[in-house]
Structure formats: structure tokens, C-alpha cells
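# Report on the structure
Each chain, letter by letter, is given below.
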Amino acid sequence: QVQLVESGGGVVQAGDSLRLSCVASGRRAFDTYSMGWFRQTPGKEREFVAATSFNGGSTWYANSVKGRFTISRDNAKNTAYLQMDSLKPEDTAVYYCAAADLVVQSTDEYDFWGWGQGTQVTVSS
């Protein structure tokens with residue numbers, strides 16, 4: 001019912017910034033569900049990064065990115081964003097966006113659905 005496509009990844013140096021985008025399409029209106037970003041490195045489980053409520057009024061972050069990353073959404077453009085500043089080598093991962101029907105804030109990947117294909121972010125030291 002919803003398809004998500006991420007973009008904006010790349011190779012940057014430590015301290016640089018990147019902005020990831022996640023465009024949604026499908027029958028369900030974008031402003032009816034929460035959006036989240038997760039990341040994964042080889043051999044590790046997918047890790048929560050940030051999420052926002054359906055209207056952007058509530059946002060929450062993993063401690064590892066708090067103060068450096070900002071999640072936002074533009075419901076008129078069916079797009080969610082992840083602004084990543086002060087990047088560190090440990091931020092290197094494939095970043096995924098996903099949707100969720102949340103009543104309370106969640107960081108559990110099993111509460112999210114409609115996963116995109118991911119976009120690679122590589123931060124060199």
C-alpha cells in the first residue's frame with residue numbers, strides 16, 4: 001500500500017553533513033502514519049536512528065545521534081528527511097526509512113513497515 005524510496009547517501013569525511021530523503025508513494029495518505037529511519041552495518045542488527053509522528057509534531061532519536069541528526073517531514077511532498085551533521089565514521093551504514101502506525105513513540109523495528117531499499121552512507125576518518 002505504501003512504497004518508500006531513499007536517496008541522498010554517499011561518501012563523506014568525518015565532520016561533514018548529508019541529508020537523506022525518503023519519498024513515499026501509494027494509496028495511503030502520507031500524513032496518516034509515522035516515519036522512521038534505521039541503519040544497519042554488516043553482521044549487525046538494524047538499529048533505530050530517529051522517528052517522527054504523522055504531522056512532525058513529535059520526534060525522537062537514538063542517543064548516539066541526538067544533537068547531530070534531525071528528522072523532519074514535508075507532508076505536501078510526501079517526503080521524510082534525515083539531516084545528518086557532524087558525521088562520524090561510526091555512522092557508516094546502510095540507512096533505511098520505514099513507516100509505522102504508532103500510538104506511542106517506538107524504536108522497535110517490528111513496529112515499522114514498508115521498508116525502502118536503503119541508501120549507503122560512508123564516513124571516512
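Let me begin by describing the structure that accompanies this report. This is a predicted model, so every value here is computed, not measured.

Along the chain, Thr119 turns up in strand S11 (residues 119-124). In this structure the side chain of Thr119 is engaged in a polar contact, spanning 3.1 Å, whose partner is the backbone nitrogen of Gly9.

One pass over the full model with this rule turns up five salt bridges. A salt bridge links Arg68 to Asp91; the shortest N-O distance between them is 2.7 Å. With Arg68 in the loop between strand S6 (59-61) and strand S7 (69-74) and Asp91 in the loop between strand S8 (79-84) and strand S9 (93-100), this residue pair connects regions lying 23 residues apart in the sequence. Its relative accessible area of 10% is what places Arg68 among the buried residues. Where salt bridges share partners, they join Arg39, Glu47, Arg68 and Asp91 into one cluster.

Bringing the packing of aromatic side chains into the picture now. With the rule as written, the count across this model stands at five aromatic pairs. A centroid spacing of 5.5 Å and a plane angle of 75° characterise the contact between Phe38 and Phe48, whose relative ring orientation is edge-to-face. Here the residue Phe38 occupies a position in strand S4 (residues 34-40), and Phe48 occupies one in strand S5 (residues 47-52), the gap between them amounting to 10 residues. Here Phe38 and Phe48 have matching classes, each one buried. Judged by centre distance (5.0 Å) and plane angle (75°), the ring pair of Phe38 and Phe112 falls under edge-to-face. Residue Phe38 is located in strand S4, and its partner Phe112 is located in strand S10 (residues 112-113); the two are separated by 74 residues in the primary sequence. Its relative accessible area of 5% is what places Phe112 among the buried residues. Clustering of aromatic rings is evident, with ring pairs tying together Phe38, Phe48, Phe112 and Trp115. Arg46 extends its terminal NZ or CZ atom over the ring of Trp115, reaching a point 3.7 Å from the ring centre. The ring of Phe30 has Arg73 lying over it, and the distance from NZ or CZ to the ring centre is 4.3 Å.

This paragraph deals with the pairing of S11. Judged by which residues are buried, S11 turns out to be one-sided: Thr119, Val121 and Val123 face inward and are buried, whereas Gln120, Thr122 and Ser124, on the alternate face, are not. Note that S9 and S11 share three bridges and pair antiparallel. In the sheet register, Val94 faces S11, and the bridge partner there is Gln120.

If you walk through the whole model with that rule in mind, you get one disulfide. The disulfide partner of Cys22 is Cys97, and the gap between their sulfur atoms is 2.0 Å. Measuring the twist about the S-S bond at about 65°, one finds the Cys22-Cys97 disulfide to be right-handed. Of this pair, Cys22 sits in strand S3 (residues 18-26) while Cys97 sits in strand S9, and the two are 75 residues apart along the sequence. Cys22 sits in the buried class, given a relative accessible area of 0%.

What counts and how
- Each chain carries its own residue numbering, running from 1 in the direction its sequence is written.
- Local features in this predicted model are restricted to residues whose pLDDT is 70 or higher, and side-chain atom pairs enter the listing and the counts only when it is 80 or higher, whereas totals over whole chains, interfaces and linings include all residues.
- In computing side-chain values, all of the structure's heavy atoms are included and hydrogens and water are not.
- Numbering of helices and strands runs from the N terminus; a helix is a DSSP stretch of H or I covering at least four residues, while a strand is a stretch of E covering at least two.
- The definition of a polar contact used here is a pair of N or O atoms within 3.5 Å, where within protein one atom must be able to donate a hydrogen and the other to accept one, and adjacent residues in sequence count solely through side-chain atom pairs.
- Whenever a carboxyl oxygen of Asp or Glu lies within 4 Å of a side-chain nitrogen of Lys or Arg, that contact is scored as a salt bridge.
- We call a residue buried when its accessible area falls under 20% of the maximum for its residue type, exposed when it is over 50%, and partly exposed in between, using a 1.4 Å probe and counting protein chains only.
- Stacked, tilted and edge-to-face pairs are distinguished by plane angle, under 30 degrees for stacked and over 60 for edge-to-face with tilted covering the rest, among Phe, Tyr and Trp rings (Trp via its six-membered ring) whose centres lie within 6.5 Å.
- Placement of a charge over a ring requires the Lys NZ or Arg CZ to be within 6 Å of the ring centre, with the centre-to-atom vector within 35 degrees of the ring normal.
- The pairing criterion is simple: DSSP has to find at least two bridges between the two strands.
- Note on terminology: disulfide denotes any pair of cysteine sulfur atoms within 2.5 Å.

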